[in-house]
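Summary of the model geometry
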Amino acid sequence: MAIRKKSNKNPPVLSHEFIVQNHADIVSCMAMIFLLGLMFEFTAKAAVIFVTLQYNVTIPATEEQSAETISLYHYGIKDLATIFFYMLVAIIIHAIIQEYVLDKINRKMHFSKTKHSKFNESGQLSAFYLFSCVWGTSILVSENYISDPTSLWRDYPHTLIPFQMKFFYILQLAYWFHAFPELYFQKTKKEDIFRQIVYIGLYLFHIAGAYLLNLTHLGLVLLVLHYFVEFLFHISRLFYFSDERYQKGFSLWAVLFVLGRLLTLILSVLTFGFGLARAEDQQLNFSTGNFNILAVRISVLASICMAQAFMMWKFINFQLRRWREHSSSQPQSVKKKFVTAKGKTSRKERENGINGTVTSNGADSPRSRKDKSS
């Protein structure tokens, strides 16, 4: 899919500007190579590794469990190839949303450079969070994880997962890996690069940890919960940029953010402190994918708690900054009202003069007409 950015200049081929302006076309050609590889027999075996999910296990049908065969999946080294291909797809979709949706809105709204970058960031993330929330919620409902919370730790390790679950994690990893080259394509400022790398790294660390440690059930629940709260923040920021008087969305987000952090800690403590801690098999076994030992449980729980504490610290700083901005703007608004009230005059003053000075209407006053007649 060719995506062309309008530009009056034609930069040299393979130069920095050329790659930035045409990165979507270049990545589209790379993705097309893998898709064309499926059409030929001698390249199909290699192309399939990139395009389709690997490590399929077919479970035969039984009278007790199901009447149809079930296809489940586990992870392996070939998943890196699949993640790479869908990372290319994520770059293409990112460029489509940017050019055909966000850029058109930016031209109409005439944002400043700071608001322009923040609007693009919130626009991209809100679309991704909404898509992930809807898809993740459908998996939770279909697999009955919401109605049965014990499924978060029951029958651990969860080495075999359904197609939708594995595809969800593959796309999550692909999306956050695509964010690294986007720092170059979007010309991110040097002072913002470190913050973005930490932001992306935290997502990759926790998503990959849940995937590799076979904690996919808990990871899915926490991701949907976190994504929903983040979606509210970014959609509220989009409305705020269009109308700065809109503040209700941030108030709702602030309440749900705190509740989301508490619920995340509660589910994590229940899973690692009660569910997995009482499991019969608590021996490290790489062949079966069992990582349910005390050291791993403490490390994972500590990592989750530290991440929640870090987000709460950022949240408190954000709220304090908003409070300072709001409090500093109040005296200015009061001063403006005072000046406006002081500048208002009565109708009689406007007709006869302001602060003792005679206006042009003063020549037509009754006193002046009397003077003229005399």
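Residues numbered from 1 in each chain as written. Predicted model: local features only at pLDDT ≥ 70, side-chain atom pairs only at ≥ 80, totals over all residues. Heavy atoms only, no water.

1. A look at the overall build of the protein
Along the backbone of the protein there are 12 helices and three strands. A buried classification covers 37% of the 374 residues belonging to the protein. Within the protein, contacts between residues separated by at least 24 positions form 70% of all contacts whose residues are at least 6 apart in sequence. For the protein, the accessible surface area stands at approximately 23,300 Å², while carbon and sulfur atoms represent 65% of it. (Helix = DSSP H or I, 4+ residues; strand = E, 2+ residues; numbered from the N terminus. Buried < 20%, exposed > 50% of the residue type's maximum accessible area, 1.4 Å probe, protein only. Contact = heavy atoms within 4.5 Å. Areas by Shrake-Rupley, 256 points an atom, 1.4 Å probe, with all protein chains shown as cover.)

2. What about the pattern of salt bridges?
Throughout the structure, instances matching the rule amount to five salt bridges. Residues Arg154 and Asp148 are paired through a salt bridge, measuring 2.7 Å at the closest nitrogen-oxygen approach. One salt-bridge network, in which partners are shared between bridges, spans Asp148, Arg154 and Asp155. (Salt bridge = Lys/Arg side-chain N within 4 Å of Asp/Glu carboxyl O.)

3. Let's talk about the pairing of strand S2 (residues 70-73)
Here four bridges tie strand S1 (residues 56-59) to S2, and the two strands are oriented antiparallel to one another. Residue pairing across strands places Thr58 opposite Ser71, the latter belonging to S2. Sheet topology places S2 next to strand S3 (residues 161-162); two bridges connect them, and they run antiparallel. If you follow Leu72 over to S3, its bridge partner there is Pro162. (Pairing = 2+ DSSP bridges.)

4. Quick look at the packing of aromatic side chains
Across all of its chains, the model carries 40 aromatic pairs by this definition. Taking the centre distance of 4.0 Å and the plane angle of 5 degrees together, the rings of Trp176 and Tyr203 count as stacked. In this pair, Trp176 is assigned in helix H6 (residues 163-185) and Tyr203 in helix H7 (residues 190-212), connecting sequence segments 27 residues apart. A single burial state applies to Trp176 and to Tyr203, both of which are buried. Ring centres of Tyr240 and Phe250 lie 5.8 Å apart, and the angle between their planes is 75 degrees; this geometry places the pair in the edge-to-face category. Residue Tyr240 is located in helix H8 (residues 216-242), and its partner Phe250 is located in helix H9 (residues 248-275); the two are separated by 10 residues in the primary sequence. What makes Tyr240 partly exposed here is its relative accessible area of 24%. Look at Phe250 and you get buried, because its relative accessible area is 5%. (Phe/Tyr/Trp six-rings, centres within 6.5 Å; stacked < 30°, edge-to-face > 60°.)

5. Some remarks on unusual backbone geometry
Here the amide bond leading from Tyr156 into Pro157 is cis, since omega sits at 5 degrees, within 30 degrees of zero. Relative to the helices and strands, Pro157 is located in the loop between helix H5 (113-142) and S3. Phi is positive for Tyr55, close to 65 degrees, though the residue is something other than glycine. Tracing the chain through its elements places Tyr55 in the loop between helix H3 (41-51) and S1. A relative accessible area of 23% means that Tyr55 is categorised as partly exposed. Look at Asn144: it is not a glycine, yet its phi comes out positive at around 60 degrees.

6. As for helix H2 (residues 23-37)
If you check H2, its first and last C-alpha atoms are 22 Å apart, about what 15 residues at 1.5 Å a residue would give, namely 21 Å. Among all positions in H2, only His23, Ala24, Asp25, Val27, Ser28, Ala31, Phe34 and Gly37 are buried. Looking at the buried residues of H2, the elements they touch are helix H1 (16-21), H3, helix H4 (79-109) and H6. (Expected span 1.5 Å × (residues − 1).)

7. A few points about a positive patch on the surface
A contiguous patch of positive charge on the surface is contributed by Lys118, Arg195, Lys314, Arg321 and Arg324. Here the positive patch takes three residues from helix H10 (residues 294-343), the largest share from any one element. Residue classification places Lys118 among the partly exposed positions, given a relative accessible area of 37%. (Patch = residues over 30% accessible without salt bridge, like charges linked within 9 Å, V, L, I, M, F, W, Y side chains within 5 Å. Lys, Arg positive; Asp, Glu negative; His and termini not counted. Charge placed at Lys NZ, Arg CZ, Asp CG, Glu CD.)

8. Some remarks on the sheet that holds S1
The strand order S1-S2-S3 describes an open sheet built from three strands, whose pairing is antiparallel. At either end of the open sheet lies a strand with only one pairing partner, and these are S1 and S3.

9. Some words on a nonpolar patch on the surface
On the surface, a cluster of nonpolar side chains totalling about 740 Å² of accessible area is made up of Val255, Val258, Leu259, Leu262, Leu263, Ile266, Val269, Leu270 and Phe274. By the element assignment, Val258 lies in helix H9.

10. Observations concerning the nonpolar core
Core analysis: the biggest nonpolar cluster contains 56 residues, and Tyr129, Tyr169, Trp176, Ile207, Leu220 and Tyr227 have the highest contact counts within it. Broken down by secondary-structure element, the contributors of at least two residues to this core are H2, H4, H5, H6, H7, H8, H9 and H10. Sequence-distant contacts of Tyr227, defined by excluding residues within four places in its chain, comprise Phe128, Tyr129, Ser132, Cys133, Gln172, Trp176, Tyr203 and Ile207. In terms of nonpolar packing, the next biggest core, distinct from the first, is built from 10 residues, Val229, Trp253, Met311 and Phe315 among them. (Core = buried A, V, L, I, M, F, W, Y, C linked by side-chain atoms within 4.5 Å.)

11. Section: the confidence of the model for the protein
Regions with low pLDDT should not have their predicted coordinates read in detail. Counting all residues, the mean pLDDT for the protein is 85, and 83% of those residues have values of 70 or more. Mean pLDDT in the protein bottoms out at helix H12 (residues 366-373), which sits at 43, and peaks at H6, which reaches 96. Confidence drops under pLDDT 50 across residues 344-374; counting only partners more than four residues distant or on other chains, this segment forms 20 contacts. (pLDDT = per-residue confidence, 0-100.)

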